[in-house]
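Chains, contacts and geometry: an overview
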Amino acid sequence: EIPDLENAFSVTTASYDYCESVIEKAAEKGEVDFLPLADMEMLFRETVRWMLRLTADDENKKYIANLKKLLDKIMEEQAASEPPPEPMVPPIPGGIPSVNPAMMGAGPAPMIQGGNPIG
């Protein structure tokens, strides 16, 4: 059966429209679930924008609290999807090795004796 295209999102605005629908559901009903393929940056940015707009009226506290729950979930999802930090490389005994300028195309390395250049 053919889907109802009247209620479908436009191809060009589907991501934005989906984010807006998630935000509306969250604000009105407190439902903070969204598909994992949602544009997290856009969802975060638009949720913050809605929260800032709603702060203009004290009667919107319920909606702001609901959007705060959505924002917390978005940040949890973003943190979970970030790759873990790369492990620290153990320090090399004796200090940091010097870089040989000859290896970098800067010409031959100067000769050093007792901390002073030779020649």
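Whatever comes next refers back to the structure up there.
Residues numbered from 1 in each chain as written. Predicted model: local features only at pLDDT ≥ 70, side-chain atom pairs only at ≥ 80, totals over all residues. Heavy atoms only, no water.

**Overview of the packing of aromatic side chains**
- Using the criterion set out here, one finds zero aromatic pairs in the structure.
- Across from the ring centre of Trp50, 5.7 Å away, lies the NZ or CZ of Arg53, which sits over that ring.
- Taking NZ or CZ as reference, Lys73 lies 5.3 Å from the ring centre of Phe34, over its face. (Phe/Tyr/Trp six-rings, centres within 6.5 Å; stacked < 30°, edge-to-face > 60°. Lys NZ or Arg CZ within 6 Å of the ring centre and 35° of its normal.)

**What about helix H2 (residues 40–54)?**
- In this model H2 runs 21 Å from its N-terminal to its C-terminal C-alpha over 15 residues, within 8% of the 21 Å that 1.5 Å per residue would give.
- By the burial criterion, the buried members of H2 are Met40, Met42, Leu43, Glu46, Thr47, Trp50, Met51 and Leu54. With its buried residues spanning 165° around the axis, H2 presents them on a single face. The outward face of H2, more than 90 degrees from its buried face, is lined by the exposed residues Glu41, Leu52 and Arg53. (Helix = DSSP H or I, 4+ residues; strand = E, 2+ residues; numbered from the N terminus. Expected span 1.5 Å × (residues − 1). Buried < 20%, exposed > 50% of the residue type's maximum accessible area, 1.4 Å probe, protein only. Arc of directions from axis to C-beta.)

**So, the pattern of salt bridges**
- On inspection of all chains with the given rule, the structure shows four salt bridges.
- Taken together, the shared-partner salt bridges connect Glu20, Glu46 and Arg49 into one network. (Salt bridge = Lys/Arg side-chain N within 4 Å of Asp/Glu carboxyl O.)

**Side note on the nonpolar core**
- Membership of the largest hydrophobic core comes to 18 residues, with the highest contact counts inside it found for Ile23, Phe34, Leu43, Leu67, Leu70 and Ile74.
- The leading source of residues in this core is H2, at six residues. (Core = buried A, V, L, I, M, F, W, Y, C linked by side-chain atoms within 4.5 Å.)

**A look at helix H3 (residues 61–81)**
- An ideal rise of 1.5 Å per residue puts 30 Å on 21 residues; H3 measures up with 30 Å between its terminal C-alpha atoms.
- Of the surrounding secondary structure, the elements contacted by the buried residues of H3 are helix H1 (14–29) and H2. (Contact = heavy atoms within 4.5 Å.)

**Describing the side chain of Asn66**
- Along the polypeptide, Asn66 turns up in helix H3.
- Those residues in contact with Asn66 that lie beyond four places of it in its chain are Ala26, Ala27, Glu28, Lys29, Gly30 and Val32.

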